[in-house]
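# Understanding the architecture of this molecule
One-letter residues, chain by chain:
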Amino acid sequence: MDFNMKKLASDAGIFFTRAVQFTEEKFGQAEKTELDAHFENLLARADSTKNWTEKILRQTEVLLQPNPSARVEEFLYEKLDRKVPSRVTNGELLAQYMAEAASELGPTTPYGKTLIKVSEAEKRLGAAERDFIHTASVSFLTPLRNFLEGDWKTISKERRLLQNRRLDLDACKARLKRAKAAEAKATCEGDTVPDFQETRPRNYILSASASALWNDEVDKAEQELRVAQTEFDRQAEVTRLLLEGISSTHVNHLRCLHEFVKSQTTYYAQCYRHMLDLQKQLGSSSPSTAFLAWTLTGSLVREATRRARSLSPTWNCSAKKAPFWAPAHSGLGRRGQAQPCHLPCLRALQLLRIGRLIHPILPMPQLSAVRSPRG
């Protein structure tokens with residue numbers, strides 16, 4: 001128990017000394033040991049690697065799993081060291097809905113048959129997506145997490161130790177500086193009682209001269225400074241080696257990035273192949289272009305006929321001989337006399353002519369029912 005109390009008191013004294021040194025450095029009242037430029041560059045490079053690795057990791061997780069609730073659930077399972085349950089992909093869920101719809105609407109109908117074919121393709125797409133997520137997680141996300149949770153934690157721990165060793169070193173430098181200043185002052189003024197508050201309390205024999213006491217204090221401060229300098233240099237070398245290992249981390253992440261691109265290429269190639277097969281399957285059963293054109297043209301003709309029949313019986317039918325770009329006010333009646341034309345009439349004729357351009361075999365409908373009684 002006595003040993004623990006002494007250790008606790010010693011740790012408290014060290015912590016207080018570091019806090020005082022740190023505070024004085026912040027206020028510019030104490031000198032700070034600066035690291036060399038190469039070491040500072042290594043620190044900046046390590047911090048940049050850590051920050052960008054976190055961003056890439058988070059965004060890749062969003063790419064593989066857009067649902068934030070699902071990501072939180074997977075994170076909790078990993079922290080609890082439990083197996084993440086299998087989750088149905090969006091493509092597989094869509095395939096299930098299409099298959100159920102085809103079964104209910106009729107699997108023998110054209111719509112039902114198409115739903116079944118598309119559902120099978122979506123199911124294959126969902127399986128390919130599942131394989132891609134698993135491959136990307138193992139080959140890309142796992143190495144990034146290992147760096148952040150393993151190597152980076154070790155680097156951060158050694159950097160904190162280096163910071164503490166630097167504070168101890170600077171505190172010893174400040175103590176030695178004060179001791180030398182007090183020794184010089186005592187030498188100039190003669191024998192005086194030393195002010196122990198300027199350095200550190202020591203159990204000295206007061207019968208000795210003040211100059212001898214200050215000499216002892218300077219010797220002890222120099223000894224502590226040498227020990228602090230040795231510990232600082234050793235810790236700086238350990239931290240330097242870890243920071244230089246960031247280069248090997250970049251090489252490892254580069255290899256993992258190539259694996260991620262390879263898996264992504266394979267995934268999109270599978271998706272393209274599945275959709276190409278589906279398109280070929282649907283091509284034989286899709287409506288023909290001629291049928292679609294006939295349907296569209298027939299709709300235009302019916303609409304034009306309806307509009308023409310709904311016009312006033314006094315409409316001058318000779319206007320239908322005018323080109324479809326003729327202005328609405330330039331209709332020509334019998335005997336070359338200008339007659340007013342209805343704008344809706346010309347629009348109806350435009351629809352008729354557009355229909356003939358799309359499908360030339362369609363005949364122009366007979367508009368005799370709307371001819372003027374005077375015609």
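Everything quoted here is computed from the prediction, not taken from an experiment.

Scanning the chain from N- to C-terminus turns up nine helices and zero strands. Element order for the chain, N to C, with α for helix and β for strand: α-α-α-α-α-α-α-α-α. In the chain, which comprises 375 residues, the share counted as buried stands at 31%. Considering only contacts in the chain between residues 6 or more positions apart, those separated by 24 or more positions represent 74%. By element, 59% of the accessible surface of the chain is carried by carbon and sulfur atoms, the whole surface being about 24700 Å².

So, on to helix α3 (residues 68-79). Relative to the 16 Å expected for 12 residues at 1.5 Å per residue, α3 spans 17 Å between its end C-alpha atoms, a close match to the ideal helical length. Just past α3, the residue aspartate 81 takes up positive phi, approximately 55°.

Evaluated as defined, the whole model comprises five aromatic pairs. Pairing phenylalanine 132 with phenylalanine 260 gives two aromatic rings, centres 6.2 Å apart and planes at 40°, and the pair type is tilted. In this pair, phenylalanine 132 sits in helix α5 (residues 110-189) while phenylalanine 260 sits in helix α7 (residues 246-285), placing the two residues 128 residues apart along the sequence. When the centroid spacing of 4.9 Å and the interplanar angle of 10° are considered together, the rings of phenylalanine 132 and tyrosine 267 count as stacked. Of this pair, phenylalanine 132 sits in helix α5 while tyrosine 267 sits in helix α7, placing them 135 residues apart in sequence. According to the relative accessible area criterion, phenylalanine 132 is buried, its value standing at 8%. An aromatic cluster is defined as three or more aromatic residues linked by ring pairs; in this entry it consists of Phe132, Phe140, Phe260, Tyr267 and Tyr268. Over the aromatic face of tryptophan 52 sits the side chain of lysine 55, whose NZ or CZ is 4.5 Å from the ring centroid.

Within the secondary structure, histidine 274 sits in helix α7. The class for histidine 274 is buried, based on a relative accessible area of 14%. With residues up to four places along the chain from it excluded, the contact list for histidine 274 reads Arg124 and Leu125.

The next thing to look at is the nonpolar core. One finds Phe132, Phe140 and Leu243 to be the most contacted residues of the largest nonpolar core, which totals 34 residues. Of all the secondary-structure elements, those providing two or more residues to this core are α2 (37-64), α5, α6 (210-244) and α7. It is α5 that contributes the most residues to this core, 16 residues altogether. Among residues more than four places away in sequence, those in contact with leucine 243 are Phe39, Leu42, Leu43, Ala46 and Ile155. Met98, Leu115, Val118 and Leu278 belong to the second largest nonpolar core, which has six residues in total.

Here α2 spans 40 Å end to end across 28 residues, near enough to the 40 Å set by a 1.5 Å rise per residue. All of the buried residues along α2 are Phe39, Leu42, Leu43, Ala46, Thr49, Thr53, Leu57, Thr60 and Leu64. The N-capping residue of α2, defined by a side-chain oxygen 3.2 Å from the backbone nitrogen of histidine 38, is aspartate 36.

In this section: the pattern of salt bridges. Pairing is possible between side chains that carry opposite charge, provided their charged atoms lie close to one another. Counted by the stated rule, this structure contains eight salt bridges. As a salt-bridge pair, arginine 159 and aspartate 47 come within 2.7 Å of each other at their nearest N and O atoms. Here the residue arginine 159 occupies a position in helix α5, and aspartate 47 occupies one in helix α2, the gap between them amounting to 112 residues. According to the relative accessible area criterion, arginine 159 is partly exposed, its value standing at 24%. The class of aspartate 47 is partly exposed, set by a relative accessible area of 28%. In this structure, glutamate 231 engages arginine 165 in a salt bridge whose closest nitrogen and oxygen atoms are separated by 3.8 Å. Here glutamate 231, found in helix α6, pairs with arginine 165, found in helix α5; they are 66 residues apart in sequence, far enough to count as distant.

Bringing the environment of threonine 53 into the picture now. As for its placement among the helices and strands, threonine 53 is situated in helix α2. A C-alpha to C-alpha distance of 9.3 Å links threonine 53 and histidine 253, two positions 200 residues apart in sequence. Filtering out sequence-adjacent residues up to four positions away, threonine 53 remains in contact with Leu144, Phe147, Leu148 and His253.

On the secondary structure map, serine 263 appears in helix α7. Excluding its chain neighbours within four sequence positions, the residues that come into contact with serine 263 are Phe132 and Thr135.

Turning our attention to the confidence of the model for the chain. On average, residues of the chain score 76 in pLDDT, and 65% of them reach the 70 mark or higher. Every residue in residues 196-208 is under pLDDT 50, and counting partners more than four places away or in other chains gives 20 contacts. Note that residues 358-375 has pLDDT below 50 and, in this model, 40 contacts with residues that lie over four places away or in other chains.

Reading guide: rules and limits
- Residues numbered from 1 in each chain as written.
- Predicted model: local features only at pLDDT ≥ 70, side-chain atom pairs only at ≥ 80, totals over all residues.
- Heavy atoms only, no water.
- Helix = DSSP H or I, 4+ residues; strand = E, 2+ residues; numbered from the N terminus.
- Buried < 20%, exposed > 50% of the residue type's maximum accessible area, 1.4 Å probe, protein only.
- Contact = heavy atoms within 4.5 Å.
- Areas by Shrake-Rupley, 256 points an atom, 1.4 Å probe, with all protein chains shown as cover.
- Expected span 1.5 Å × (residues − 1).
- Phe/Tyr/Trp six-rings, centres within 6.5 Å; stacked < 30°, edge-to-face > 60°.
- Lys NZ or Arg CZ within 6 Å of the ring centre and 35° of its normal.
- Core = buried A, V, L, I, M, F, W, Y, C linked by side-chain atoms within 4.5 Å.
- Polar contact = N/O pair within 3.5 Å; in protein donor to acceptor, adjacent residues only side chain to side chain.
- Salt bridge = Lys/Arg side-chain N within 4 Å of Asp/Glu carboxyl O.
- pLDDT = per-residue confidence, 0-100.

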